[in-house]
Amino acid sequence: MSNALTLLNDEQMIQFITNGYLVLQNDLPEELHRSVMNQIDFVLQNEGNPGNNILPRVPDIQKFFETPVTKGALTSVLGPDYYMHPHRHMHFNQPGNGKPGGGEWHKDGFWSSMRSHRPWWVMMFYYTQDITEEMGPTAIMPGSQYNEKFPNQSTLLPTGKAGTIALVHFDLWHKASLNTSHLDRYMLKFQFVRLSEPKSPSWNHSNAVPVFPCNAADAHLNLWNDVWYWLKGEGNKAKSAVRDNKEVPALIEALSSGDEVVRSQAADKLGIAGKAAAAAVPMLKQLISDSSENAALNAVYALGHIGDSGTAALLKEVGEGSRLTAQRAAYGLQASGEEAIPGLVQLLAHQDENKRALAAFVLGMLGSTAASAVPSLIITLNDASEWVRRNAVEALGMIVEPADETVPALVRTLDDAVARESAGKGDISASAYVHNQEYITNKIAYTAALSLLRIGKYGDADLVINGLESGLQSQDRYTRAYSFEALTAIRTDRAVDVLIKQYRAARWCPDTHKESTF
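Let us look at the structure shown here. (Residues numbered from 1 in each chain as written. Predicted model: local features only at pLDDT ≥ 70, side-chain atom pairs only at ≥ 80, totals over all residues. Heavy atoms only, no water.)

### Section: the overall build of the protein
Consideration 1: Across its full length, the protein holds 21 helices and seven strands.
Consideration 2: By the compact-globule yardstick of 24 Å for 518 residues, the protein fits well, its C-alpha radius of gyration being 23 Å.
Consideration 3: C-alpha atoms of the protein, sized along the principal axes, occupy 75 × 55 × 40 Å.
Consideration 4: The buried share among the 518 residues of the protein stands at 58%.
Consideration 5: Residue pairs at least 24 apart in sequence account for 80% of intrachain contacts in the protein once pairs closer than 6 positions are excluded.
Consideration 6: On the protein, roughly 21000 Å² of surface is accessible, and the fraction owed to carbon and sulfur atoms is 50%.
Consideration 7: Side chains of the protein carry 46 positive and 57 negative charges; the gap between the two charge centres is 2 Å. (Helix = DSSP H or I, 4+ residues; strand = E, 2+ residues; numbered from the N terminus. Rg over C-alpha atoms; globule rule 2.2 N^0.38 Å. Buried < 20%, exposed > 50% of the residue type's maximum accessible area, 1.4 Å probe, protein only. Contact = heavy atoms within 4.5 Å. Areas by Shrake-Rupley, 256 points an atom, 1.4 Å probe, with all protein chains shown as cover. Lys, Arg positive; Asp, Glu negative; His and termini not counted. Charge placed at Lys NZ, Arg CZ, Asp CG, Glu CD.)

Here's what the structure looks like:
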């Protein structure tokens, strides 16, 4: 097998940005897929579903994710330093099950402080057998990854030979479909996370200007361009210069149309017009509360691309708007870039925890551009709200520099969070974003460990190792997993010693189970 990665091309990246998925094919021996299927079947029948432990229980699964196809695709979307998340699951769909996987359209529970339009996270749905529509593959809803509300649009059932992979944006709506065949259907779901913001294209890039489906009824041209240029490491190049404004009056009038598609497309075109569309700002701001989520999304990204007046409108909406409109405006501020930073820093002192948290979230999404906000974010680590602190913790791990300030602050946060956990001191927040992640039992420690996984290697090694040793003692399984992985990135003698000690207690033989105990 060649070691050369099969990187995605521009057309595939455009499909991923717009539709939120790609169907790929792993070229592996049939015998390997059959062997893994037999091992999985034995585990399911004799021990039950091992959940996160499916990989150590069936180690041959790792081979599926070490091929040029899988590594190339993940590198293309997440960068070369992506991380396989410790949550993974074996999805088993039997014939006759009327509600496989619960039977409902959903987005998976997320792992960051908020969902992100920019691809910091992806999933792979891996089929270990030839998969047909009748066997009930996981249905996906193309283009739905940017919708918080269920969009109820056309769906796709990925099919193909054993080794078929659906690479999906983490927030794509999906569901298990009915298995009307006579065969059991197996699917491995694995999740992956980006560890650093893009500095340059990590795919096979050749076209300077992307060609998006601009006439689609559900087009998000400004959002798509924002993601494209961010992935290229060019930040806010998506922001438009002054262009011909002849169409602007007619487009502003179209914002009042009774047809949501007309409103949505008009907002999108105004964003493409850039500063020439400054007169549209008041109407676009009104559209943030539109009943059509697509129109509202296009409005906030248009405001972000128009310039100073659009950015000011978005900052005002974050500070004064409802929970819904403030969150929508926060996503649009990603497109504003550096000019939004002073206003976001001011919002860190807002009386409403949701406003403060959204400000920290956007500063993190702006990455290294927001380095000037680091002192304010470090102060925010003492906020009374866990929800605000968590967003600040994650933001520091995304901004990175100055590492001599960010890393020690994260170590202190991790130490304190684990100590509070040990003392039985919990945190209370009014935000639904905090309460809907019950699978993360210590959210501050979890996020601090994730941020140290991203940037711990840039700090003082001994200081970071001290913090990660605390993380290894957390009751939260994912805090321990991140701490463990962060130590592997440091690799000093002391880090290796800590890892070896941890390995000795954690080592587990895949051949040892209740049917064969020794």
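### What to know about the packing of helix H20 (residues 477–490) against helix H21 (residues 493–506)
Consideration 1: One can describe the packing of H20 onto H21 by two numbers: an axis separation of 8 Å at closest approach and a directional angle of 145°. Note that H20 runs across H21; the crossing there is left-handed. Contacts from Phe484, Leu487, Thr488 and Ile490 of H20 reach H21 at Ala495, Val498, Leu499, Gln502 and Tyr503.
Consideration 2: Partitioned by chemical class, the residues of the contact of H20 with H21 number seven nonpolar, two polar and no charged. (Axes fitted to C-alpha atoms, helices over the stretch in contact; angles between N-to-C directions. Left-handed = near helix turned anticlockwise from the far one by under 90°. Nonpolar A, V, L, I, M, F, W, Y, C, P; charged D, E, K, R; others polar.)

### Regarding the sheet that holds strand E2 (residues 83–93)
Consideration 1: Across the sheet, five strands lie side by side as E1-E5-E3-E7-E2; this open sheet has antiparallel pairing. Among the strands making up the open sheet, the edge pair consists of strand E1 (21–25) and E2. Here the strands of the sheet are splayed against their neighbours by 20° on average, with no regard to which way each runs.
Consideration 2: Alignment of strand E3 (residues 121–127) against strand E7 (residues 185–193), held across seven bridges, turns out to be antiparallel. Bridging from a neighbouring strand, Tyr127 pairs with Met187 of E7.
Consideration 3: Across the sheet, helix H1 (residues 10–19) is in contact with E1, E3 and strand E5 (164–169); its angle to E1 comes to roughly 135°.
Consideration 4: Sheet contacts for H20: E2 and E3; angle to E2, the most-contacted strand, approximately 130°. (Pairing = 2+ DSSP bridges.)

### Points about helix H4 (residues 68–78)
Consideration 1: Across the eleven residues of H4, nine count as buried, placing the element largely inside the fold.
Consideration 2: If you check which residues of H4 are buried, you get Pro68, Thr70, Gly72, Ala73, Leu74, Thr75, Ser76, Val77 and Leu78.
Consideration 3: Tucked into the core, H4 has its buried residues touching H1, E1, E3, E5, E7 and helix H5 (221–231).
Consideration 4: Looking at the residues trailing H4, positive phi occurs at Gly79, about 90°.

### Concerning the nonpolar core
Consideration 1: Ile40, Ile61, Leu167, Phe192, Leu284, Leu344 and Leu377 are the most contacted members of the largest nonpolar core, which totals 162 residues.
Consideration 2: The element best represented in this core is helix H18 (residues 443–455), accounting for nine residues.
Consideration 3: In contact with Ile40, other than residues within four places in its own chain, are Ile54, Val58, Ile61, Met90, Tyr186 and Leu188. (Core = buried A, V, L, I, M, F, W, Y, C linked by side-chain atoms within 4.5 Å.)

### Remarks on the packing of H5 against helix H7 (residues 260–273)
Consideration 1: Between H5 and H7, whose axes approach to 8 Å, the crossing angle comes to 45°. Relative to H7, H5 is oriented oblique. Along the contact surface, H5 presents Leu221, Asn222 and Asn225, while H7 presents Ala267, Asp268, Gly271 and Ile272.
Consideration 2: Among the residues forming the contact of H5 with H7, the class breakdown is three nonpolar, three polar and one charged. (Parallel < 35°, antiparallel > 145°, perpendicular 65-115°, else oblique.)

### Details of the packing of aromatic side chains
Consideration 1: This model, assessed by the stated rule, comprises 20 aromatic pairs.
Consideration 2: An angle of 45° between the planes, with centres 5.7 Å apart, marks the rings of Trp120 and Trp230 as tilted. Of this pair, Trp120 sits in the loop between E2 and E3 while Trp230 is found in helix H5, placing the two residues 110 residues apart along the sequence. Just as Trp120 is buried, Trp230 falls in that class too.
Consideration 3: An aromatic cluster is defined as three or more aromatic residues linked by ring pairs; in this entry it consists of Phe64, Phe65, Tyr82, Tyr126, Phe190 and Phe192. (Phe/Tyr/Trp six-rings, centres within 6.5 Å; stacked < 30°, edge-to-face > 60°.)

### Digging into the pairing of E3
Consideration 1: For E3, the tally of buried residues reaches seven of seven residues, placing the bulk of the element in the interior.
Consideration 2: The two faces of E3 match: Trp121, Met123, Phe125 and Tyr127 on one face and Val122, Met124 and Tyr126 on the other face are all buried.
Consideration 3: Direction of pairing for E3 relative to E5: antiparallel, over a ladder of five bridges. Opposite Met124, over in E5, you have Leu167 as the bridge partner.

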